[in-house]
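Summary of structural features
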Amino acid sequence: MRRELNPSRLKRARLLRGLTTTDLGKLVGVTRQSISQYETGRQNPATDTLVRISNILNVPWGFFHEDDHIDIKLRHVFYRSLSSTRKFDIEVQNERLRVLSELYHVIAKDIRFPSLSIDHEKFYGMNPEEAAKQLRIEWDLGIAPIKNMVTLLERNGFVLSSTKTNGKAIDAFGGGHTFEDEDYYFIILADDKASAVRRQFDVAHELGHALLHDWDIDWNELEVEEHKKLEDEANKFASAFLLPPESFRVDLDYSIKLDYFVELKKKWKVSVAAMIMRAKAIDAISQNQFTYLFRQLSTRGWRKREPLDDLIKMANPALLAKAVEMLIVNDRYTSNSFVRNVSEYGLTLNYKDIEQILNLKEDMLKPSQDDIAEIIDLKSRLK
């Protein structure tokens, strides 16, 4: 018996591929209006049209006939440069964040992950400088440099992934939700333009949003100046968290030459530009010194690309991949049965999508020849 089409899944699949209704309509051979009507349920696509949509989007047929077994409602999503980011790009990344959260909760049925170790109500609205100092105390970090922000957040209950965002204004984005009375926070990092130090700052920036800002904020109601204020607070938190004044100021006693900041970059894993701005913020350099250093940055062509950007190894999310590998190595699942397990929770996806979102090794979940033969045999029986 043919299951009823879930029209909302058409939109989800389209966004997962980063296509507008116009883009998809041209590929399928129908109008943009027809795609919109399919997605709202005002009109059902003919079977052959749905087959074309499924093939073009490379999403299994079953995805369009499933209900959302895991009810995910992201309470907010924070974006860098929101004012210059297209609404469509935000919708695309929201969908990726939603799929990440759904996959996480499927895996969490078999793996116990660290709980989110932040008290949002305690930090909400706190001064960024004070919040950075307090969190370092609570996480027992002292005042030493943080070598790997990605690992630090994963150890403290944040769920991270990385992807190609294909949007110049999007460096990272994050969002939280409450599921079965517990808070969760998800962050996706851009893979297509990041350096190690930029990623460090991006992760610290998203941590600042998670700590300091309203989890139920409606971004559509924010004025440009309000958004700038939140971004400025997250930047100040990131700077203070990565460069605590007590220890960073000591390093500046030796020299304030631009080449010396390059050496400090090895230690602090923060960009030269961000360190110069932090030095000014804690009054370790004067306004004239600040202006001179930034003029040198421009003269040397370091405003977009700095020394060591290609040499410092970039940290990648690893927790979710390790969890899936553990389940397969310990025979909890085979590669194919893991994909089927995800499907049973209402998320029938191409195995490559699951690999990409969970940052798994390429073809780790690829069906074996026996699995393919089983699928072909099942199709023949259903004809």
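Residues numbered from 1 in each chain as written. Predicted model: local features only at pLDDT ≥ 70, side-chain atom pairs only at ≥ 80, totals over all residues. Heavy atoms only, no water.

1. Side note on the overall build of the protein chain
For the record, the criterion: Each helix is a run of H or I in the DSSP string that is no shorter than four residues. Each strand is a run of E no shorter than two, and both are numbered from the N terminus. When accessible area is computed with a 1.4 Å probe and restricted to protein chains, residues below 20% of their type maximum are described as buried, those above 50% as exposed, and intermediate ones as partly exposed. Areas reported here follow the Shrake-Rupley algorithm with a probe of radius 1.4 Å; residue values treat only the protein chains shown as occluding.
Across its full length, the protein chain holds 18 helices and four strands. Looking at the protein chain as a whole, 52% of its 383 residues are labelled buried. Accessible surface computed for the protein chain: about 19,400 Å², of which carbon and sulfur atoms make up 49%.

2. What to know about the confidence of the model for the protein chain
Going by this rule: The pLDDT value tells you how sure the predictor is about a given residue, anywhere from 0 up to 100. Whether two residues are in contact is decided by their heavy atoms, any of which lying within 4.5 Å being enough.
The share of residues in the protein chain with pLDDT of 70 or more is 88%, and the mean pLDDT across the chain is 89. Within the model, the stretch residues 373-383 combines pLDDT values under 50 with zero contacts to residues more than four positions away or in other chains.

3. Points about the side chain of Glu 95
With respect to the helices and strands, Glu 95 occurs in helix H5 (residues 87-107). Since its relative accessible area comes to 6%, Glu 95 is described here as buried. Each residue touching Glu 95, except ones within four places of it in the same chain, is listed here: Arg 12, Leu 15 and Leu 16.

4. Focus on empty space enclosed by the protein
Any empty space left between the atoms is revealed when a probe the size of a water molecule rolls over them. As a reminder of what qualifies: In this analysis, the protein atoms alone were mapped onto a 1 Å grid. Cavities are point sets where a 1.4 Å probe fits without being able to get out; pockets are open sets with protein on both sides within 12 Å along at least five of seven lines; lining residues have an atom within 4 Å of a point. Grid points are joined across faces, edges and corners, and a volume is the space filled by probe spheres set on the points. Charged means Asp, Glu, Lys or Arg here, nonpolar means Ala, Val, Leu, Ile, Met, Phe, Trp, Tyr, Cys or Pro, and polar covers whatever is left, Gly included.
Counted under the stated rule, the structure contains four cavities of 30 Å³ or more. Estimated volume of the largest cavity: approximately 60 Å³. Along its surface, the largest cavity is lined by Arg 96, Leu 100, Ser 161, Ser 162, Thr 163, Ile 188, Gln 356 and Ile 357. Among the elements of the structure, H5, strand S2 (159-163) and helix H17 (351-357) are those that each provide at least two residues to the lining of the largest cavity. The greatest single-element share of the lining of the largest cavity, amounting to three residues, is contributed by S2. Of the residues contributing to the lining of the largest cavity, the split by class is three nonpolar, four polar and one charged.

5. Some points on the layout of surface pockets
Here the second largest pocket is characterised by a volume of approximately 930 Å³. In this structure, the second largest pocket is lined by 30 residues; those nearest its centre are Phe 201, Ser 271, Ala 273, Ala 274 and Met 277. Listed by contribution, the elements that provide at least two residues to the lining of the second largest pocket are helix H7 (128-138), helix H9 (196-212), helix H10 (224-242) and helix H13 (272-281). Here the residues of the lining of the second largest pocket sort into ten nonpolar, five polar and 15 charged.

6. Remarks on the nonpolar core
Quick note on the threshold: The nonpolar core is taken to be a set of buried Ala, Val, Leu, Ile, Met, Phe, Trp, Tyr and Cys residues, with the residues joined through side-chain atoms within 4.5 Å.
In terms of nonpolar packing, the biggest core is built from 59 residues, with Met 149, Phe 158, Leu 207, Phe 241 and Ile 276 touching the most fellow members. Per element, the largest residue contribution to this core is nine residues, and it comes from H9. Setting aside residues up to four positions removed in sequence, Phe 158 forms contacts with Leu 116, Ile 118, Trp 139, Leu 153, Tyr 185, Ile 187, Leu 207 and Ala 210. Of all hydrophobic cores here, the second largest spans 50 residues; its members include Ile 35, Tyr 38, Val 59 and Val 99.

7. What to know about the pairing of S2
Among the five residues in S2, five count as buried, and that is most of the element. Of the two faces of S2, the one holding Val 159, Ser 161 and Thr 163 and the one holding Leu 160 and Ser 162 are both buried throughout.

8. Structural notes on helix H14 (residues 287-299)
For clarity, the threshold we go by: Expected helix span is taken as 1.5 Å per residue step, with the number of steps being one fewer than the number of residues. Here, the arc refers to the directions that run from the helix axis to the C-beta atoms.
If you check H14, its first and last C-alpha atoms are 18 Å apart, about what 13 residues at 1.5 Å a residue would give, namely 18 Å. Where H14 is concerned, the buried positions are Phe 290, Leu 293, Phe 294, Gln 296 and Leu 297. The arc enclosing the buried residues of H14, seen along the axis, measures out at 155°, which places them on a common side. Exposed and facing more than 90 degrees away from the buried side of H14 are Asn 288 and Thr 299. Of the surrounding elements, those touching the buried residues of H14 are helix H12 (258-268) and H13. Downstream of H14 by one or two residues, Gly 301 has phi in the positive range, about 70°.

9. Re the packing of aromatic side chains
As a reminder of what qualifies: Any Phe, Tyr or Trp ring, taking Trp's six-membered ring, that has another such ring centre within 6.5 Å forms a pair; planes under 30 degrees apart are called stacked, those over 60 apart edge-to-face, and the others tilted. Throughout this description, the term charge over a ring refers to an Arg CZ or Lys NZ atom that lies within 6 Å of the ring centre and within 35 degrees of the ring normal.
By the definition in use, this model includes ten aromatic pairs. For the ring pair Phe 158 and Tyr 185, a centre distance of 5.6 Å and an interplane angle of 65° mean the geometry is edge-to-face. Of this pair, Phe 158 sits in the loop between helix H8 (149-155) and S2 while Tyr 185 is found in strand S4 (residues 182-190), placing the two residues 27 residues apart along the sequence. We note that Phe 158, like Tyr 185, is buried. A ring pair is formed by Tyr 333 and Phe 338, whose centres lie 5.9 Å apart and whose planes are at 75°; its orientation type is edge-to-face. Take Tyr 333: its relative accessible area is 9%, and that puts it in the buried class. By relative accessible area, Phe 338 is classed as buried at 1%. In textbook terms, an aromatic cluster arises when at least three aromatic residues are bridged by ring pairs, as seen for Tyr 104, Phe 113, Tyr 184 and Phe 186. Here the guanidinium or amino end of Arg 9 rests over the ring plane of Phe 63, the centre of that ring lying 4.4 Å away. Positioned above the aromatic ring of Phe 241 is the side chain of Arg 136, whose terminal nitrogen or guanidinium carbon lies 5.5 Å from the ring centre.

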